[in-house]
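Chains, contacts and geometry: an overview
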Amino acid sequence: MEILELTATALAEQVRSKQLSAVEVARAYLARIAELDPILHAYITVDADGALEAARAIDARLARGEDVGALAGVPIALKDIFVTRGLRTTCGSRILADWVPPYEGMPSARLRAAGAVVLGKANMDEFAMGSSNENSAFGACRNPWDIERVPGGSSGGSAAAVAARLCLGALGTDTGGSIRQPAALCGAVGIKPTYGRVSRYGVIAFASSLDQVGPLARTTEDAAALLEVIAGHDPLDATSLPQPVGRYREACRRGVRGLRIGVPAEYFAAGLDPEIEGAVRAAIDELVGQGAELVEISLPHTKYAIATYYLLCTAEASSNLARYDGVRFGMRAARPQDLGDLYSRTRHDGFGPEVKRRIILGTFALSAGYYDAYYAKGQRVRTLIRQDFSQAFERCDAIVVPTSPITAFKLGERLDDPLQMYLADIYTISCNLAGLPGLSLPCGFSSQGLPIGLQVLGRPLGEEQVFAVAGAYEQAHDWHRRVPEVRR
Amino acid sequence: MPWEVVIGLEVHVQLATQSKLFCACSTQFGAPPNSNVCAVCSGQPGVLPVLNEQAIVLALKLALATGGTIRRRSRFARKNYFYPDLPKGYQISQYDEPLAEHGAVEIWHEGQLRSVRLTRIHLEEDAGKNIHLATGAASLVDLNRAGVPLIEVVSEPDLRAPAEAAEYMRTLRGIVRALGICDGNLEQGSLRCDANISLRPWGQQALGTKVEIKNINSFRFVQKALEYEIERQSELLARGQAIQQETRQWSAEVGRTEAMRSKEEAHDYRYFPEPDLPPVEIDERLIESLRVALPELPLQRRQRLMEEGGLSDYDATELTRETELTDYYHLAVAAGGSPKRVANWMLTELLSRVDDARDVARAPVAPAGMAELLGLVESGKVSGKLAKDIWAKMWTSGGSALKIATDGDLFQQSDSAALEQAVRAVVEAHADRVAAYRAGKTKLMGWFVGQVMQATEGKANPKLVNTLLQQLLDG
């Protein structure tokens, strides 16, 4: 169907010029959701009524000759970590299964203000903890390229929905790769911007110093268009950056001539699927062919990234998740004996195993007597990893590496081995520790027909260079045009 | 007592901001439960704190007024613990990088000036309040206070007696009120303190085992709680028993401290830097502008009152406890009242008529009115006794002292001719007493004076009456 094939920028143009109505678009996507979501389970909540109402409002405003924004009528999915006023927000957890927020978060508010239509809330690993979407309390989402496989996590629902045309764009969050890894596994474009580039107000916190909001889309230009809308300073988020938003869409067409592309040896090590290495190396050749300069760089502290990440993110998570105590909102254990019983039973019943595991790890890492050995040391290593990157970026403008060492794996395959699962984020985590922008885009398919992701990392606030590299590569290929055939 | 008492106080001071520390909710006291609550201060998922910069400014004023060292870069931390009145499961506070350190508070206690060193001043948010229904059926949570800005003023263990601790707290209250950074309403919880107390043998350097008494909200209770603890701990030590390190609370109903929790069950707060707030950077120019604008503090005022007005220690101390009192004093003196008479009248006649010393700012008799009345006394036109009656009338129905005295014919009679008549009448009517007086019972003089005063309805000038009586009786 033609509507479903339009890019976000093209569709918004057609809606604005009234060649298409927002309602028509919403209906087309809702029909596609009705058909395929029972198989993929990319959504936790589909808000058909709300979407149609929003679409009608946009059409009405257009009819009155009002400007409705850059994303007029663009149907989007929000990872269920984004707080939406009046629309249930679960964060993939039983503990928030019935929570209807009293306020609207900033990223979704900015999207709505730009005319985007929210179709619903996308599936995710509980509290964004996971690399496979199997930790969702509402059941796993499936990979549209092979429904026996995972879409990646934790923004797996957003990535699968984008890839399967169950929305045109989506928002995810990325704490250790949760936008880029599922984008790679599902064949979508996903960018984690510089830490602080997008407001976290109304984004349920997992690890505050690492979490960052970003878009998932079918093309780099769509991702850029979404980012231009959601980025920018927010007085409600003290960590949000004051610098003006870049011209990301324009950057996608800038080309790579003269850009220095860094390639770190540490990212092409044991454990990397040879098919992925081949595709990524071919992509680097392509960029060099377009006039980029190849620079060998080194990121020597990469090997400590996963350990550092799991110390810091669990520590912050243990604190961020303390508010789920059954007192003010969300699930509450029935008939508690006393206060301790209220807390322990609410949290015992409300949280899944991975969340509990991380709360316990984080509580330990912060506890008296262990703080210096774990949390404080983790912070010091984080500084070293950051320095690795700042030194590397003295010699290059962007870094190109694989997004994931493996393609989409089978459901249940890694579920019993958390450490093995944690390795799925090995190439994405450093970027969060350093607060850098990182983008993943499709750069090929494996012999099994599974998407392969190419990752582009940039300097702090270097989103424009990242888009320039990604856009240049994308224009030379049509991987992003392939549509998965969802088969039962 | 064979033990030396060592006391340190942690005083929580509620800052007089309009809105909470991390959101725009009102800090107004007495609002209906949970009416000053938003998504941020109730800890809803996804919210973030945004620092109220006014709170920093107010806290800096105290740091400057106490001579503290201000950190150019301080940081907030999370103090993690579970409690129903703590919405986020952690309190945002300052930990290893507080806003200010060192400095001191000078206190005037038992005729001596003492310096109490400060360890630190840091900012933090308040928690809410749990309300347990008497039936035991439920516990309710009111989050109006949650997120209200507090500073914690931590003293070194420099205090040596309960009364000194109470005076320290009073002095601190005077300072924060003079700075305008706290309303000083103890009854509304604007100042609360945790007291740390330990006992040690005289001459020993090392501190004894410390007991913490939590959440005391009055000067009197600080003193009483500490007095109780000294007695309790001395008795234990006398019996050769060890003091247990624990947290206790003062129960005003039974007049003793009671154990809350022992060190073994004490919390591990798992502090770590608050990732949602960037470090607080203090501009040197801000510090300087606040420094030059610092108002006169109670101790300086006290000194000035003693030097300029010749007031006693006691009068000067009492008149500088509340800014409103000092202001009233200055205005009354400026209107012509003599310093000593104004001070005396204020500490007796004025303060006895208000519930709270701060109310003198709104007293029905303005400082100029008092000065006028005292002027009449000074010039002998009105007697001290009648002045009190005039004062009462001014207080209840208004009007100037002169008008009330005129309308009520309350002037002192200083006309010797008229008075002599009255004196003569009394002497003539009591020949027996006159005889007794002349026989040596000179104490009867007072009785004669009283009779004359009664006859003149208190208007006679007592001095003159005395002179006239003496002339008649002795002559």
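Residues numbered from 1 in each chain as written. Chains lettered and ligands numbered in written order. Predicted model: local features only at pLDDT ≥ 70, side-chain atom pairs only at ≥ 80, totals over all residues. Heavy atoms only, no water.

**So, the overall build of chain A**
In terms of helices and strands, chain A carries 17 helices and 11 strands. By the compact-globule yardstick of 23 Å for 488 residues, chain A fits well, its C-alpha radius of gyration being 21 Å. Taking all 488 residues of chain A together, 65% fall into the buried category. For chain A, the share of sequence-separated contacts (at least 6 apart) that also reach a separation of at least 24 residues comes to 76%. Within the structure as shown, chain A displays about 16,700 Å² of accessible surface, and the carbon and sulfur contribution to it stands at 51%. (Helix = DSSP H or I, 4+ residues; strand = E, 2+ residues; numbered from the N terminus. Rg over C-alpha atoms; globule rule 2.2 N^0.38 Å. Buried < 20%, exposed > 50% of the residue type's maximum accessible area, 1.4 Å probe, protein only. Contact = heavy atoms within 4.5 Å. Areas by Shrake-Rupley, 256 points an atom, 1.4 Å probe, with all protein chains shown as cover.)

**Focus: the side chain of Ser240(A)**
Residues and elements named next belong to chain A. Position of Ser-240 relative to the elements: it lies in the loop between helix 8 (220-230) and helix 9 (248-251). Judged by its relative accessible area of 5%, Ser-240 is buried. Within the structure, the side chain of Ser-240 is placed 3.1 Å from the side chain of His-233, a separation counted as a polar contact. In contact with Ser-240, not counting residues within four places along its chain, are Gly-196, His-233 and Asp-234. (Polar contact = N/O pair within 3.5 Å; in protein donor to acceptor, adjacent residues only side chain to side chain.)

**Structural notes on helix 14 (residues 444-455) of chain B**
Residue and element names in this part refer to chain B. In this model helix 14 runs 17 Å from its N-terminal to its C-terminal C-alpha over 12 residues, within 8% of the 16 Å that 1.5 Å per residue would give. On its buried face, helix 14 is in contact with helix 12 (416-429), helix 13 (431-438) and helix 15 (462-474). Phi turns positive, to about 55°, at Glu-457, one or two residues after helix 14. (Expected span 1.5 Å × (residues − 1).)

**Considering the environment of Arg145(B)**
Residues and elements named next belong to chain B. In this fold, Arg-145 is placed in the loop between strand 10 (139-142) and strand 11 (149-155). Along the chain, Arg-145 and Thr-27 lie 118 residues apart, while their C-alpha atoms are 7.1 Å from each other. Here Arg-145 is in contact with Gln-14, Asp-126, Ala-127, Gly-128, Gln-188, Gly-189 and Arg-192, once residues within four sequence places are set aside.

**Section: the packing of helix 3 (residues 22-40) of chain A against helix 4 (residues 48-63) of chain A**
Residue and element names in this part refer to chain A. Their axes nearest at 7 Å, the elements helix 3 and helix 4 cross at an angle of 160°. As the angle between them shows, helix 3 and helix 4 are arranged roughly antiparallel. Two packed elements cross with a definite hand, and for helix 3 against helix 4 that hand is right-handed. Across the interface between the two elements, Ala-22, Val-23, Ala-26, Arg-27 and Leu-30 of helix 3 pack against Ala-48, Leu-52, Ala-55, Arg-56, Ile-58 and Asp-59 of helix 4. (Axes fitted to C-alpha atoms, helices over the stretch in contact; angles between N-to-C directions. Parallel < 35°, antiparallel > 145°, perpendicular 65-115°, else oblique. Left-handed = near helix turned anticlockwise from the far one by under 90°.)

**Some remarks on unusual backbone geometry**
Backbone geometry follows two general trends: most residues other than glycine have a negative phi, and most peptide bonds adopt the trans configuration. In this chain, Gly153(A) is followed by Ser154(A) through a cis amide linkage whose omega measures -5°. Considering the arrangement of structural elements, one finds Ser154(A) in the loop between strand 3 (117-122) and helix 6 (156-163). In this structure, Arg165(A) is a non-glycine residue whose phi angle is positive, near 65°. Tracing the backbone through its elements, the reader meets Arg165(A) in the loop between helix 6 and strand 4 (169-174). Since its relative accessible area comes to 5%, Arg165(A) is described here as buried. Residue Glu110(B) is not a glycine yet carries a positive backbone phi of 50°.

**Focus on the interface of chain B and chain A**
Contact residues are listed per partner, giving 32 residues for chain B and 37 residues for chain A. Each partner contributes to the roughly 2,600 Å² buried at the junction of chain B and chain A, and carbon and sulfur atoms together form 60% of this total. At the surface where chain B touches chain A, the tally comes to one salt bridge. Here Asp276(B) ties to Arg200(A) by a salt bridge, and the two come within 3.0 Å at their closest N and O atoms. Looking at the side of chain B that touches chain A, the elements that each hand over two or more residues are strand 4 (76-80) and strand 16 (272-273) of chain B. (Buried area = accessible area lost by both parts, 1.4 Å probe. Salt bridge = Lys/Arg side-chain N within 4 Å of Asp/Glu carboxyl O.)

**Some thoughts on the sheet that holds strand 6 (residues 212-217) of chain A**
Residues and elements named next belong to chain A. In spatial order, the strands read 1-3-2-4-6-5-10-11-9-7-8; together these 11 strands make up an open sheet with mixed pairing. Each end of this open sheet is capped by a strand with a single partner; those strands are strand 1 (43-46) and strand 8 (293-297). This sheet shows a mean twist of 30° between the axes of neighbouring strands, independent of strand direction. Direction of pairing for strand 10 (residues 438-445) relative to strand 11 (residues 451-458): antiparallel, over a ladder of six bridges. Residue pairing in the sheet places Pro-442 in a bridge with Gly-453 of strand 11. Most of the contacts of helix 5 (residues 106-113) go to strand 2 (residues 75-79), to which it runs at about 175°, and overall it touches strand 2, strand 3, strand 4 and strand 6. (Pairing = 2+ DSSP bridges.)

**A closer look at the pairing of strand 4 of chain A**
All names here are of chain A. Counting buried residues in strand 4 gives six out of six residues, a clear majority hidden from the surface. Alternating residues of strand 4 divide into Gly-169, Leu-171 and Thr-173 and Ala-170, Gly-172 and Asp-174, and every residue in both groups is buried. In the sheet, strand 2 pairs with strand 4 via three bridges, with the strands oriented parallel. Bridging from a neighbouring strand, Ala-77 pairs with Ala-170 of strand 4. As paired elements, strand 4 and strand 6 share six bridges and run antiparallel to each other. Paired with Asp-174 across the bridge in strand 6 is Gln-212.

**Notes on the environment of Ala60(A)**
By the secondary structure assignment, Ala60(A) is in helix 4. The sequence separation of Ala60(A) and Ser21(A) amounts to 39 residues, and the corresponding C-alpha distance is 9.8 Å.

**Some words on the pattern of salt bridges**
Close approach of charged atoms lets side chains of opposite charge pair. Scanning the model with the defined rule gives 57 salt bridges over all chains in all. Taking the shortest distance from any N to any O, the salt bridge between Arg180(A) and Asp174(A) comes out at 2.8 Å. Of the two residues, Arg180(A) and Asp174(A), neither departs from the other in class, the shared state being buried. Note that Glu4(B) is salt-bridged to Arg200(B), the shortest N-O span being 3.0 Å. With Glu4(B) in strand 1 (residues 3-14) and Arg200(B) in strand 12 (residues 191-201), the pair connects residues that are 196 residues apart, well separated along the chain. Residue Glu4(B) is classed as buried on the basis of its relative accessible area, which comes to 12%.

**Things to note about the side chain of Arg248(B)**
Relative to the assigned elements, Arg248(B) resides in strand 14 (residues 246-251). Arg248(B) has contacts with Val211(B), Glu212(B), Ile213(B), Lys214(B), Glu229(B), Arg232(B), Thr257(B), Glu258(B), Ala259(B) and Met260(B), leaving out every residue within four places of it along the chain.

**Section: the confidence of the model for chain B**
A low pLDDT means the predicted coordinates there should not be read in detail. Of all residues in chain B, 97% attain a pLDDT of 70 or more, and the chain-wide mean is 88. Interface scoring of the predicted complex returns ipTM 0.94; its pTM is 0.89. (pLDDT = per-residue confidence, 0-100.)

**Description of the packing of aromatic side chains**
According to the stated counting rule, one finds 26 aromatic pairs over all chains in the structure shown. Aromatic side chains Trp345(B) and Trp391(B) sit 5.8 Å apart centroid to centroid with 90° between the ring planes, which places their arrangement in the edge-to-face category. With Trp345(B) in helix 8 (residues 339-350) and Trp391(B) in helix 10 (residues 384-397), this pair connects stretches of sequence that are 46 residues apart. You can call Trp345(B) buried: its relative accessible area is 10%. Taken together, Trp99(A), Phe127(A), Tyr324(A), Phe329(A) and Phe351(A) form an aromatic cluster joined through their ring pairs. Here the basic side chain of Arg281(A) rests over the ring of Phe268(A), its NZ or CZ set 4.3 Å away from the ring centre. When the ring centre of Trp447(B) is taken as reference, the NZ or CZ atom of Arg433(B) above it lies at 4.0 Å. (Phe/Tyr/Trp six-rings, centres within 6.5 Å; stacked < 30°, edge-to-face > 60°. Lys NZ or Arg CZ within 6 Å of the ring centre and 35° of its normal.)

**Description of the nonpolar core**
All names here are of chain A. Within the largest apolar cluster, 168 residues are counted, with the highest numbers of intra-cluster contacts made by Leu-111, Phe-127, Phe-389 and Phe-467. Element by element, the count of residues in this core is highest for helix 3, at 11 residues. Once you skip the residues sitting within four places of it in the chain, Phe-467 turns out to touch Ile-191, Thr-220, Ala-223, Ala-224, Leu-227, Tyr-248, Ala-251, Cys-252 and Leu-439. (Core = buried A, V, L, I, M, F, W, Y, C linked by side-chain atoms within 4.5 Å.)

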